[in-house]
Amino acid sequence: MELALVLGVPLLGALLMAGFGHRAWAPEANAMMSLATLAAAALLTCRVIADGPFTAFNEQVFVDPFNVFLAALTAFVAFTTALFSRPYMRTEEHHKRVNSARLRLYHSMYQLFTFTMLLTLLSNNVGLLWVAMEAATLSTVLLVSLYRTPASLEAAWKYFILCSVGIAQALFGTILLYFAAEKVLGPGGNALLWTHLHAVRGELEPTVLSLAFVFLLVGYGTKVGLVPLHNWLPDAHAEGPTPISAVLSGLLLNVALYAVVRSKVLVDGALERNFSGSLMMGFGLLSVVVAVFFLSRQRDIKRMFAYSSVEHMGIMTFAFGMGGPVAAFAGLLHMTVHSLTKSAIFFAVGHASQACGTQDMGSIRGLIQTSPTIGWGLALGTVAILGMPPFGVFTSEFMVLTTAMREQAWATPFLLVALGVAFAAIFGKVQPMVFGEPGVQRLTHGPALIPVFVHLAIVLLLGLYMPPYLVDWYRQAAAFIG
Amino acid sequence: MNTAGPLSSQLVNLLAALLLLLAFSMLAQRRVLSLIRLFSWQGAALAASTLIVAYFTGQAQLYFSAALTLVLKVILIPWLLHRLIDRLDVRWDVETLINIPTTMLVGIGLCIFAFALATPISEMASTVTRSTLGIALASVLLSFLMMIVRRKAVPQVIGFLAMENGLFFAATSATYGMPLVVELGIALDVLVGTFIFGIFFFHIREQFDSLDIRHMENLRED
């Protein structure tokens, strides 16, 4: 019942918005639909806490501590982003960057995107997971090119081609997985169900599974934004509307990483040596190191934070690659805090660039004097994402680092240097934007800053004190994947 | 399970060889209209091989799969592409980044790589069509190569669709097809993807007055 609601509400919202997404009340309706999804996700979470994991709809959909936690996070950030998107898109309309037809497309695809992400998370069928992931790409492509400028078309084309090719590799991986599973489970629908695969993972053919994992990692890794497959990510983030940058960074990358981790659990069961873990650590560390050196070269503020997302996805991939309960716990925590912090930053950045009429960091100056709340939001968000205590990002990065020191000592210097470089690059650029001499106009629609501070408050809370039930929850999920 | 006779595996092998041949000729083809024709032939070969596997193994869902391939890959998508090209009035020859003989040589290298990769897996397959997994992987890689060496948007899309053909072939040849719900989902995604590609073509042309991807190389790190 709750499952049907979680998936049904955004789907209904997409249909509704396809018809009425250009009306004056559409942004509010969009936020209401997202709120309803969040409520449904909260109910689902309560049920999982009470009753434990379960499957539904002929076992095609399932819920366990790992995915319900991500589904709740997805629904939450989708809701706050919808709140942020209200004044943001109104201002864009006021600036004549979008017309009513495109607003309709925007609102409809926003809901559809939420639906596809939730379906990816909750799907028990790894084939269906692939389909939902591809649908998530398709629903955001036209949003990246919403402004129809040459740069945005180019970004969307790149996003489309790279992610489609990537995801085609993942399909080959899925076929190989089915090929291995069919021998054990017999032909038919059951051989692609994750719960069944998980039960027999020890019997699956190791050579096939290791090849399948390579394809799955490359395929879904393209969507995670792992170096060297990250090329689409900065462009898509910089050229699309900011609410889309926020959900891409905060949610889609997480969902793609979720798919990788799900595959890893299966492969680890079949293989004796830590093949998948080594691959993930390698890709993760490479992403961290390469991304931070691109940070200092950026001029566009959204591009810079997009590279920061590549860096953080790298840290998570590395953490999940190390494996073990502590590293998996840190990875999950980092997923949560990164998603909240990065979307908060994008909210602040969106308002800041609207107020200054540019995304060029050289032209954004003195936010703290003209619009103090935007300035503080950006400053605090930056401090949080750079891993300063007492924010939650510090906690998770600290756990990753200490685990790395114990288990993968060779990687620690790389991680430490990368974090230092990222700090210097981002802080050096954000500081004058916040505190420099002002040159900012007033926004036509009052900015929505409540989401920014709510997100940052949660991240702060997670850094200072983690409620015991949340710790339990993370532990369960970590035990499941670690 | 392995009741089908040598005839069926001979036929499927024949069609597999045809599929690979078509992938190579697409790599060598300069004209867009011929490229679309080759693409629909490839779809036909795929549908035929699925049908043969379905007939000899008695898997009812593979009939669906064959019908789906026929409707989608042989009729609907080529028709959409034709219409698109008529509407956009672009019948130019295809420019390639590297010349065609070199591309073919690289293609042969990819084939060898694909077969080397697929051999250990093929040996474990219990299906009648196991020797075709290498061919499927090879045609996926060849389509990939085609996407890399083509300058224009339409051939890139055809390359992408041909890649999907290769994947479908891998699914039928190695595993008797994926479960139907998955196959329907994939087909839907391919169709929606084609539509979005179509919309894109118009936007790109509006902005750049051409479908040449070279105009879209401004976003890069300096």
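Residues numbered from 1 in each chain as written. Chains lettered and ligands numbered in written order. Predicted model: local features only at pLDDT ≥ 70, side-chain atom pairs only at ≥ 80, totals over all residues.

Draft legend 1. Molecular detail of the overall build of chain B. A tally of regular secondary structure across chain B gives seven helices and zero strands. Helices and strands in chain B line up, N terminus first, as α-α-α-α-α-α-α. Expected size for 222 residues packed as a compact globule is a radius of gyration near 17 Å; at 18 Å, chain B falls within 12% of this value. Each principal axis of the C-alpha distribution contributes one length, and for chain B these read about 55 × 35 × 30 Å. (Helix = DSSP H or I, 4+ residues; strand = E, 2+ residues; numbered from the N terminus. Rg over C-alpha atoms; globule rule 2.2 N^0.38 Å.)

Draft legend 2. Just the overall build of chain A, in detail. A count of helical and extended segments in chain A gives 19 helices and two strands. Compactness check: chain A gives a C-alpha radius of gyration of 21 Å against a globular reference of 23 Å for 482 residues, within 12% of the reference. Along the first, second and third principal axes, the C-alpha atoms of chain A reach 65 × 55 × 45 Å. The burial tally for chain A puts 63% of its 482 residues in the buried class. Considering only residue pairs separated by 6 or more positions, chain A has 82% of its internal contacts joining residues 24 or more positions apart. (Buried ≥ 20, exposed ≤ 12 C-beta atoms within 10 Å, placed from the backbone. Contact = placed C-beta atoms within 7 Å.)

Draft legend 3. Focus on the interface of chain B and chain A. The partner chain A presents 38 residues to the 35 residues of chain B that form the contact. Contributions of two or more residues to the side of chain B that touches chain A are made by helix H4 (100-122), helix H5 (133-149), helix H6 (153-175) and helix H7 (180-208) of chain B.

Draft legend 4. Focus on the packing of helix H12 (residues 301-322) of chain A against helix H13 (residues 325-356) of chain A. All names here are of chain A. Where H12 contacts H13, the axes come no closer than 9 Å and their chain directions differ by 175 degrees. By the angle class used here, H12 and H13 are roughly antiparallel. Facing Ile301, Lys302, Phe305, Ser309, His312, Ile315, Met316, Ala319, Phe320 and Met322 of H12, the residues of H13 in contact are Ala327, Ala328, Ala330, Gly331, His334, Met335, His338, Lys342, Ile345, Phe346, Val349 and Ser353. For the contact of H12 with H13, the per-class residue count stands at 14 nonpolar, six polar and two charged. (Axes fitted to C-alpha atoms, helices over the stretch in contact; angles between N-to-C directions. Parallel < 35°, antiparallel > 145°, perpendicular 65-115°, else oblique. Nonpolar A, V, L, I, M, F, W, Y, C, P; charged D, E, K, R; others polar.)

Draft legend 5. Broad picture of the environment of A:Ala477. Residue and element names in this part refer to chain A. Its place among the elements puts alanine 477 in helix H19 (residues 468-481). Residue classification places alanine 477 among the buried residues on the basis of 21 C-beta atoms within 10 Å. Note: C-alpha distance between alanine 477 and asparagine 67 (410 residues apart in sequence) is 8.4 Å. Excluding its chain neighbours within four sequence positions, the residues that come into contact with alanine 477 are Pro65, Phe66, Phe69 and Leu332.

Draft legend 6. How the structure looks around the environment of A:Leu162. Structurally, A:Leu162 can be placed in helix H6 (residues 150-185). Not counting residues up to four positions away in its chain, the partners in contact with A:Leu162 are A:Thr222, A:Asn231 and A:Trp232.

Draft legend 7. Seen up close, the packing of helix H8 (residues 206-224) of chain A against helix H10 (residues 242-270) of chain A. Residue and element names in this part refer to chain A. Between H8 and H10, whose axes approach to 9 Å, the crossing angle comes to 170 degrees. Relative to H10, H8 is oriented roughly antiparallel. Here Pro206, Leu209, Ser210, Phe213, Leu216, Leu217, Tyr220, Gly221, Lys223 and Val224 of H8 lie close against H10, whose contacting residues are Leu252, Leu253, Ala256, Leu257, Ala259, Val260, Ser263, Val267 and Ala270. Here the residues of the contact of H8 with H10 are counted per class, giving 15 nonpolar, three polar and one charged.

Draft legend 8. Quick look at H6(A). Over its 36 residues, H6(A) extends 50 Å from the first C-alpha to the last, a length consistent with the 52 Å expected when each residue adds 1.5 Å. Downstream of H6(A) by a residue or two, A:Gly186 has a phi angle that is positive, lying close to 85 degrees. (Expected span 1.5 Å × (residues − 1).)

Draft legend 9. Structural context of H4(B). Taking 1.5 Å as the rise per residue, H4(B) with 23 residues should run 33 Å; its terminal C-alpha atoms sit 31 Å apart, in good agreement. Taken together, the buried positions of H4(B) are B:Thr103, B:Gly107, B:Cys111, B:Ala114, B:Ala118 and B:Ile121. In this fold, the buried residues of H4(B) make contact with H8 of chain A together with helix H1 (6-28) and H5 of chain B.

Draft legend 10. Molecular detail of the environment of A:Ala478. Residue and element names in this part refer to chain A. Tracing the backbone shows alanine 478 in helix H19. Between the C-alpha atoms of alanine 478 and leucine 415, which are 63 residues apart in sequence, the distance is 22 Å. Those residues within four positions of alanine 478 in sequence are excluded, and the remaining contacts are Pro325, Ala328, Phe329 and Leu332.

Draft legend 11. Structural view of the confidence of the model for chain B. Taken as a whole, chain B shows an average pLDDT of 83; of its residues, 90% reach a score of 70 or greater. Taken over the whole predicted complex, pTM reads 0.93, whereas the ipTM for its chain interfaces reads 0.89. (pLDDT = per-residue confidence, 0-100.)

Draft legend 12. Representation of unusual backbone geometry within the structure. Residue and element names in this part refer to chain A. For the bond running from valine 227 to proline 228, omega is 5 degrees, close enough to zero to count as cis. With respect to the element layout, proline 228 can be found in the loop between H8 and helix H9 (232-239). With phi around 60 degrees, asparagine 58 is a residue other than glycine that occupies positive phi space. One can find asparagine 58 in the loop between strand S1 (54-56) and strand S2 (61-63). The phi torsion at arginine 148 lies on the positive side, around 60 degrees, for a residue other than glycine.

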